[in-house]
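Here is what each chain is made of, one letter per residue.
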Amino acid sequence: MIDACRRASARTVTAVIPYFGYARADRKANGRESIAAKLVANMLEKSGVDRVLVLDLHSTQSVGYFDIPVDHVYGQTVILEYLQQKMADEGLQKDDLVVVSPDVGGVARARAFAKKLDDAPLAIVDKRRSGHNVAEVMNVIGDVDGKVAVLVDDMIDTAGTLAKAAQALKDNGATAVYGCATHPVFSPPAVERLGSGVFEEVVVTNSIPLASDKQFPQLTVLSVGHLIGDAIWRMHSDTSMTGMTASS
């Protein structure tokens, strides 16, 4: 598509990527591993892209892999608006909630989320991985007893991390657990884990289209269409992106 646009004499080409699928391959953790995020960034540039619009990268350092302008907007704004309305409808105060990071690496994301959610308290689930895509929850750092826990992550893949974190929160006295993420990858057996009853609700966006076999009763899918549309309009009209690209 990029090449076709270039050959049709397009003045500029902007790649709009709601889900940058290689964002997790952003570093070389072990020998003989590819840094695929950098490779894909190079491919996009070489193909003729002038600008890139992405939604909730796994780690913001991936922006530095591009030598062209990158606008990184945050889809969790949509989730925040939904939760704030839900709090108002159910009469919940900030002291009734606790925002939880499912691992130590997501603390900055959860802290920014908690700050925007009426400056709610923060907790962390400490986990250890015993293998690839296998998570083992160890303990909960912070007070979750008697509170509604909101687990925040950028994506849900197999849901092993999120499901075990939710169970740990329940074991530590949380009255209800909400799982929130921008990107619903939902690799098997994610649907079974998320629909097992440990979650009151799982809130995601439509950055990845979900087939009917990936639906379950607790799932709520929010649209980021207006968010991406607003970003495209701002780029086209050379309007400031400030506010859309701020994480905290």
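Above: the structure in question.
Residues numbered from 1 in each chain as written. Predicted model: local features only at pLDDT ≥ 70, side-chain atom pairs only at ≥ 80, totals over all residues. Heavy atoms only, no water.

Undergrad: When you look at the sheet that holds strand β2 (residues 51-55) in this model, what are you seeing that I'm missing?
TA: The strands making up a sheet associate through hydrogen bonds between their backbones, and the pairing can be parallel or antiparallel. An order of β1-β2-β3 is seen for the three strands of this open sheet, with the pairing classed as parallel. The sheet is open, and its two borders are formed by β1 (14-17) and β3 (70-73), each paired with just one other strand. Adjacent strand axes in the sheet meet at a mean angle of 10 degrees, parallel and antiparallel pairs treated alike. Looking at chain direction, β2 and β3 are connected through four bridges and run parallel. Within β3, the residue paired with V54 across the bridge is H72. This element, helix α7 (residues 225-236), spans β1, β2 and β3 of the sheet and lies at about 160 degrees to β2. (Pairing = 2+ DSSP bridges. Helix = DSSP H or I, 4+ residues; strand = E, 2+ residues; numbered from the N terminus. Axes fitted to C-alpha atoms, helices over the stretch in contact; angles between N-to-C directions. Contact = heavy atoms within 4.5 Å.)

Undergrad: I'm lost on the packing of helix α3 (residues 76-90) against helix α4 (residues 107-116) in this one. Help?
TA: A pair of packed helices can be characterised by two numbers: the angle between their axes and the separation between those axes. The interhelical angle for the contact between α3 and α4, taken along N-to-C directions, is 40 degrees, at an axis separation of 10 Å. Taken as axis vectors, α3 and α4 run oblique relative to one another. Crossing of α3 against α4: the hand is right-handed. Judged by residue contacts, Q76, I79, L80, L83 and Q84 of α3 engage R109, F113 and K116 from α4. Counted by class, the contact of α3 with α4 contains four nonpolar, two polar and two charged residues. (Parallel < 35°, antiparallel > 145°, perpendicular 65-115°, else oblique. Left-handed = near helix turned anticlockwise from the far one by under 90°. Nonpolar A, V, L, I, M, F, W, Y, C, P; charged D, E, K, R; others polar.)

Undergrad: What should I look at first to understand the packing of aromatic side chains in this one?
TA: The relation between two aromatic rings is expressed through the spacing of the ring centres and the mutual angle of the planes. Following the criterion strictly, the structure yields two aromatic pairs and no others. When the ring of F20 is compared with that of F66, the centres are 6.1 Å apart and the planes differ by 55 degrees; the resulting orientation is tilted. Here F20, found in the loop between β1 and α2 (36-47), pairs with F66, found in the loop between β2 and β3; they are 46 residues apart in sequence, far enough to count as distant. For F20, a relative accessible area of 6% gives the class buried. Residue class for F66 comes out buried when judged on its relative accessible area of 8%. (Phe/Tyr/Trp six-rings, centres within 6.5 Å; stacked < 30°, edge-to-face > 60°. Buried < 20%, exposed > 50% of the residue type's maximum accessible area, 1.4 Å probe, protein only.)

Undergrad: So what exactly am I meant to see when it comes to the side chain of Q218 here?
TA: In this structure, Q218 sits in the loop between β9 (201-205) and β10 (219-222). Apart from the residues within four sequence positions on either side, Q218 is in contact with L194, G195, G197, F199, E200, E201 and V202.

Undergrad: Hey, could you run me through the nonpolar core in this one?
TA: Soluble globular proteins tend to pack their nonpolar side chains together in the buried interior. Counting residues in each nonpolar core, the largest one holds 30 residues, and the members touching the most others are V73, I79, L83, V99, F113 and L117. Those elements that place two or more of their residues in this core are β2, α3, β4 (97-101), α4, β7 (148-156), β8 (176-184) and α7. No other element matches α3, which puts five residues into this core. The residues contacting V99, other than those within four sequence positions of it, are A110, F113, A114, L117, A120, P121, L122, A123, V150 and V152. By size, the runner-up hydrophobic cluster in this structure holds 29 residues, among which are A159, L162, A165 and A168. (Core = buried A, V, L, I, M, F, W, Y, C linked by side-chain atoms within 4.5 Å.)

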